[in-house]
Structures are given as structure tokens and as C-alpha cells.
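Chains, contacts and geometry: an overview
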2 protein chains.
Amino acid sequence: MEAVDLSQVAVHTITTKPWPIETAIERYARAGFGGITVWRDALEGRELPAVRRQITDAGLQTVALVRGGFFCHRNEEERAKGHADNLRAIEEAAGIDAPMVVLVCGAHPAQTLAVSRAQIREGIERLLPEAERLNVQLAIEPLHPMYADDRSAINDLATATDMANQIGSPLVGVAVDVYHLWWDPNLEREIARCGKDGRLFAFHVCDWRTPTRHMLLDRGLMGEGCIPIREIRGWVEKAGFKGLHEVEIFSEERWKGDQDAWLAAIADASLKHV
Amino acid sequence: MEAVDLSQVAVHTITTKPWPIETAIERYARAGFGGITVWRDALEGRELPAVRRQITDAGLQTVALVRGGFFCHRNEEERAKGHADNLRAIEEAAGIDAPMVVLVCGAHPAQTLAVSRAQIREGIERLLPEAERLNVQLAIEPLHPMYADDRSAINDLATATDMANQIGSPLVGVAVDVYHLWWDPNLEREIARCGKDGRLFAFHVCDWRTPTRHMLLDRGLMGEGCIPIREIRGWVEKAGFKGLHEVEIFSEERWKGDQDAWLAAIADASLKHV
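Residues numbered from 1 in each chain as written. Chains lettered and ligands numbered in written order. Predicted model: local features only at pLDDT ≥ 70, side-chain atom pairs only at ≥ 80, totals over all residues. Heavy atoms only, no water.

Broken down by element type, chain A carries 10 helices and eight strands. For chain A, whose C-alpha radius of gyration is 18 Å, the value lies close to the compact-globule estimate of 19 Å for 274 residues. Taking the principal axes of its C-alpha atoms as reference, chain A extends roughly 45 × 45 × 35 Å. Split into buried and exposed, the 274 residues of chain A put 58% on the buried side. Within chain A, residue pairs in contact and separated by at least 24 positions form 81% of the contacts whose partners lie at least 6 positions apart. Total accessible area on chain A stands at roughly 10600 Å², and carbon and sulfur atoms take up 48% of it. (Helix = DSSP H or I, 4+ residues; strand = E, 2+ residues; numbered from the N terminus. Rg over C-alpha atoms; globule rule 2.2 N^0.38 Å. Buried < 20%, exposed > 50% of the residue type's maximum accessible area, 1.4 Å probe, protein only. Contact = heavy atoms within 4.5 Å. Areas by Shrake-Rupley, 256 points an atom, 1.4 Å probe, with all protein chains shown as cover.)

For the match of chain B to chain A, the screw axis carries a shift of 0.0 Å, the RMSD comes to 0.0 Å, and the turn is 180°. Here the copies are linked by what is in effect a two-fold axis. (Least-squares fit on C-alpha atoms with pLDDT ≥ 70 in both.)

Confidence in the prediction for chain A averages 98 pLDDT; 100% of positions are at 70 or higher. Note on the complex model: pTM 0.97, ipTM 0.96. (pLDDT = per-residue confidence, 0-100.)

Let us look at the packing of aromatic side chains. All names here are of chain A. For the structure shown, the criterion picks out 11 aromatic pairs over all chains. When the ring of Trp 39 is compared with that of Phe 250, the centres are 5.5 Å apart and the planes differ by 85°; the resulting orientation is edge-to-face. Of this pair, Trp 39 sits in strand β2 (residues 35–39) while Phe 250 sits in the loop between β8 (245–247) and α9 (252–256), and the two are 211 residues apart along the sequence. The exposure class assigned to Phe 250 is buried, which follows from its relative accessible area of 10%. Counting every residue linked through ring pairs, the aromatic cluster contains Tyr 179, Trp 182 and Trp 208. (Phe/Tyr/Trp six-rings, centres within 6.5 Å; stacked < 30°, edge-to-face > 60°.)

What follows covers the environment of Val172(B). Residue and element names in this part refer to chain B. Positionally, Val 172 belongs in strand β6 (residues 172–177). On the basis of relative accessibility, which here comes to 0%, the residue Val 172 falls in the buried class. Spatially, the C-alpha atoms of Val 172 and Ala 107 are 19 Å apart, while their sequence positions differ by 65 residues. Val 172 has contacts with Ile 124, Leu 128, Leu 138, Ile 140, Ala 164, Ile 167, Arg 199 and Phe 201, leaving out every residue within four places of it along the chain.

We now examine the pattern of salt bridges. All names here are of chain A. Here the structure, examined in full by the defined rule, presents 46 salt bridges over all chains. When the shortest N-O distance is used, the salt bridge between Arg 27 and Asp 260 registers 2.8 Å. With Arg 27 in helix α1 (residues 21–31) and Asp 260 in helix α10 (residues 259–273), this residue pair connects regions lying 233 residues apart in the sequence. Overall, Asp 260 belongs to the partly exposed group, its relative accessible area being 35%. Here Arg 233 ties to Glu 237 by a salt bridge, and the two come within 2.9 Å at their closest N and O atoms. Separated by four residues within a single helix, Arg 233 and Glu 237 lie in helix α8 (residues 229–238), roughly one turn from each other. Classification of Arg 233 as buried rests on a relative accessible area of 3%. A residue is classified by how much of its surface remains accessible, and Glu 237, at 30% relative accessible area, is partly exposed. (Salt bridge = Lys/Arg side-chain N within 4 Å of Asp/Glu carboxyl O.)

Another aspect to go through is the sheet that holds strand β6 (residues 172–177) of chain A. All names here are of chain A. In spatial order, the strands read β1-β2-β3-β4-β5-β6-β7-β8; together these eight strands close into a barrel with parallel pairing. Going from strand to strand, the sheet's axes swing by 30° on average, the running direction of each strand aside. Sheet analysis places β6 next to strand β7 (residues 200–205), joined by four bridges and oriented parallel. Bridge pairing in β7 links Val 174 to Leu 200. The strands touched by helix α3 (residues 76–95) within the sheet are β3 (61–69), β4 (100–104) and β5 (137–140), with β3 carrying the most contacts at an inclination of about 175°. In the packing of helix α4 (residues 113–134) onto the sheet, the strands contacted are β4, β5 and β6, and the crossing angle to β5 comes to about 155°. (Pairing = 2+ DSSP bridges. Axes fitted to C-alpha atoms, helices over the stretch in contact; angles between N-to-C directions.)

All names here are of chain B. Where burial is concerned, most of helix α5 (residues 157–167) is hidden: eight out of the 11 residues are buried. Considered for burial, the residues of α5 that qualify are Leu 157, Ala 158, Thr 159, Ala 160, Thr 161, Met 163, Ala 164 and Ile 167. In this structure, the buried side of α5 is in contact with α4 (113–134), β5 (137–140), β6, α6 (178–181) and α7 (187–196). Phi for Gly 168, located one or two positions after α5, is positive at around 80°.

Each side of the interface is counted separately: chain B has 21 residues, and chain A has 21 residues. Carbon and sulfur atoms supply 70% of the area that chain B and chain A bury against each other, a total of about 1900 Å² over both sides. Inspection of the chain B/chain A interface yields zero salt bridges. If you look at where chain B meets chain A, you find six residue pairs in polar contact (both at pLDDT 80 or more). Among the residues making up the side of chain B that touches chain A, the classes are represented as 11 nonpolar, five polar and five charged. (Buried area = accessible area lost by both parts, 1.4 Å probe. Polar contact = N/O pair within 3.5 Å; in protein donor to acceptor, adjacent residues only side chain to side chain. Nonpolar A, V, L, I, M, F, W, Y, C, P; charged D, E, K, R; others polar.)

Another aspect to go through is the sheet that holds strand β7 (residues 200–205) of chain B. Sheets are built from strands paired through backbone hydrogen bonds, the pairs being either parallel or antiparallel. Residues and elements named next belong to chain B. With parallel pairing, eight strands are arranged side by side around a closed barrel as β1-β2-β3-β4-β5-β6-β7-β8. Across the sheet, the mean angle separating the axes of adjacent strands is 30° when strand polarity is ignored. In this sheet, strand β2 (residues 35–39) lies alongside strand β1 (residues 9–12) in parallel orientation, the contact comprising three bridges. Within β2, the residue paired with Val 11 across the bridge is Ile 36. Seen against the sheet, α4 touches β4 (100–104), β5 and β6 and runs at an angle of roughly 155° to β5. Here α5 sits on the sheet and contacts β5 and β6; the angle it forms with β6, its principal contact strand, is near 165°.

With that out of the way, let us pick up the side chain of Asp184(B). Residues and elements named next belong to chain B. Note on placement: Asp 184 falls in the loop between α6 and α7. One buried charged side chain, Asp 184, makes no salt bridge at all; its nearest oppositely charged neighbour is Arg 189, positioned 6.8 Å away. Within the structure, the side chain of Asp 184 is placed 2.8 Å from the backbone nitrogen of Asn 186, a separation counted as a polar contact. Not counting residues within four places of it along the chain, the set of residues in contact with Asp 184 comprises Asp 156 and Leu 157. (Lys, Arg positive; Asp, Glu negative; His and termini not counted.)

Moving on, we get to the side chain of His180(A). Looking at the element boundaries, His180(A) is found in helix α6 (residues 178–181). Look past the residues within four positions of His180(A) in its chain and what remains in contact with it is Glu141(A), Pro142(A), Leu143(A), His144(A), Pro145(A), Tyr147(A) and Arg219(A).

This is the structure:
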């Protein structure tokens, strides 16, 4: 398989967390990346039109806003608060011309996964009118089963695709992240089905380190772990995905280092391993 | 659902790791547990007939020997070494009258899961003559996907049942551990199928803590986490399982404390949450 061109690669702002978004935009563009995915914390205190303009002027494509979701709740107050925050996420996405909000769907250790999944479906459906009004896609991101206790009750691709199909809106799809899904023995088949059903909205890459030192903040750079990223990219492209490949790496270790060197390593790894 | 009786519960020696096996046998029996599952490290330096006799005299049932497996290899030398060690595990099981060896099947970050799965199947098949000669069952334990890099390439129940069926020996089945499998959206259906196919050999319990502080050594006591253990026990029993429920908890935190108090807490939690 051919290597990707950096213009086909986007970087999540969280990947270079120490940088304010203004620096991230400037450096991603200068390094030749094609896009940016914006985490909401990076927008704090900013005017959305100014951020949108800077991204456009830099020649970057905005792939998504991360993240909405956390639909699980223990009472009506929690539900209403979560809903209001998700409405704001959709508005922020529209405000920076991001076509999509990525959803980390939520879970709660005090309730069963079945209950959480029902709340997730209901929560997404409740967002549809606003998503339709602003033409913003909603991408369900299945999370690794090690996050099933309190982050997401959607833990494999089949469940995510099924839920998107059940909701049935063309605005609802799935974000495939190799970190969360690489272990799934049905991954090739499920990626094909997700694409065939028109639900394959996003593709995230990073790697799985051995050993993994922290369950949240020790993701690896592509090539330093065991995930067959290029093989999975092949499945995703065969399934019809034409979007940018998004680099999303949470790494306390990398955030401590020089971010310019880190971005250069990401560019290099994108060419070699995506 | 009715609570279990302690005579239906076995404890893994690793759960009370600080105790030598002689102490574990004596205390498990005194507390009213029905069985013991023996980890191989607990047998070091012991004569097998003496251990077997002490377990029998204490009135305990030996449920299994833990663990064989680690079938994945990078060269012929590694393969042969692993095979020899698995032969010893089968002989040790027979030596203490344990009817079963639990298999942690292995994985290697430098090879694909498909390659690892092929090596696992081949490795188990190669053990069959010895397992048949000594009439020892082999139980494939699917491990949580967070261990897919270097511990096991068998990460859900469907894959384990399929492999046992493909091997096709009545001596090869599956160990269901709630810690590894609780998140699986198909768990109820897959437990039913595993039982129907005659492959449901063992049932392990513990709990999943939020947050989990260590990926290996922070398992929870039943009731202190989010796993619906009693519901899963119901599925397992409905699938025809009649064996003992095995408590297997790796916990650095608990190992640091008083082991008599810990065993009393396990007995209490078994009655309340299994």
C-alpha cells in the first residue's frame, strides 16, 4: 500500500496539548498537514470566527470538533445539563465550520451497559434537530472495552454501526479509532459493513505501547506499538472512506517534551506507518 | 436469584498470594469454601502428592491448575520451550488431581493477532495427546482486549468457543472470567452458545474498579465495582454450568493487608454478590 501524503493527515489539538490553538494551527500548516481537529478546551476564551478564519487562512481543513457525548445520567438534572452542553458543542462546531462532532458516549459504573446504551441512543436522537439545523454530523466513537466502566458503553464497532443505523439519520455515523478497535477479531468485516451502510465518518490513528503505562495518557506514536495501522487503513479505504486520517495521541510523556520535535516525529510516522 | 453457598465457591491461591499453599488450604477449608484453584508458583518446592493429600484431607475440591498457555513464539526454540512447559503443567495438574489447566494463550506485539491465533490453535492441538493420556481438560481463557498486545490474542468469548469447537476435542473448552468479558454486548448469547456446545468449563469472578489504578494488579472484590456478577452467573448456570465459582483477584492493595481479614471479606462478598 502507498504511503499517505501529509495533506491527507489531520492532527488533533490534544496531541500537542501544550500549544495554544493559534500555535497549533500555524505549526500544523507549516509542517504540511492537511487538517486540524479541534478539542473544545482549545477554544476556551476564543472568538469562534477568529479561529475559523485562522484555520482557513492557514489552508487547513477542519475535520471535527472533539468532543460531545457523555449521555449517561443518573437523574433528570444530569441529563438536561449534558444535553445543553451537547447543544453548545454542535454550535461550536458550526462556529468553526467543523462538519462533525465526535461523541464519547458515556457510561456509569452504577448502571448496566444496557441502560447506558439506551440513554446514549435517546441522547443522540434528542440532538438531531439541532444537528440538522446546523448541518453538523455526529460521530459515535466506540471506545476500548477498558473504558466501559465510566467513559463509554459503546465498545465495539458493531454496536456503534448498529446504533447509527437504528437512529437512521444521515447525520449520524461512526468514528473508527485504531486504538480502541484494533483487537476486534471482526474488525475487517465490521469496517466494511460500516462503510457499506454509509456510517464511516472518521478514522483516527495512534499506536498501542507495550507495556502501556497509563490507561488514558500513554498512547503511542504510530509505529512504536503493535497496531497494524496500515492494514486497517486499507480496510477503511476499501470501505469507501475518503476523509483525512486523524492523529490523536494522548501522551503525558510527549507533552513534556519539545512540541516542535514531537510534531516532526508525527509527520515522519504518518508517512511511514499510516 | 439465590445466593451461592460457600461450598460452591473456590479460591485461587493467587488471591491470597502472601500465603504459602499450606496456609491457603487450611484457611480456605476453615472458612467454608468448597474448592481451591492452584497457581503453579504455589507448588514450587513442594511434592505434588503431599499437596494433593492436604487438599483432599481438608475436604476441598481442586478445580484447576493455573496456568498454561503462552503459545505465541517468534522462533522454533521458543515454541519448543513453551510446549515443554505446557507438558509439565498438564503433569502437575494430574499430580494434584486438578481436572483442568487454564490457558492464558499468549500474544506478541511484533506479530498480528491472526498469526498469534494460528499459533495458539496449533499449540493446543500439540498438547492433546498428553492431555488425553492424563485426562486433563484444557480451558482457553479469553482475556480482556487490553491484554491483546502481549498476553492473549483471544479477547472475546466467541473467539474462544469457536477455537475450542474447531479443535474439536471434548477435553478443550473455555474459562469465562467476568473481568475479561463483562463489557461484551453479546455476552449472554455467547455464554449460552458456549454451554450448548459443551465448552463452558470454568467461571471466574472478581470486579472492575473505577478508577482501575493498574492494568494487571488492581482487580476488585465482588461488589466494589461495576460488573453485574450475579446476572452473569445466571447466564452461566442457565447454560448448564455446574462447577464451582472461582474467585480470582490480583490486588497489590489487598496483598499488602491482613490475609485472614481479606479471606473473610471474600467469603462475605461471595454470599452477597456472586
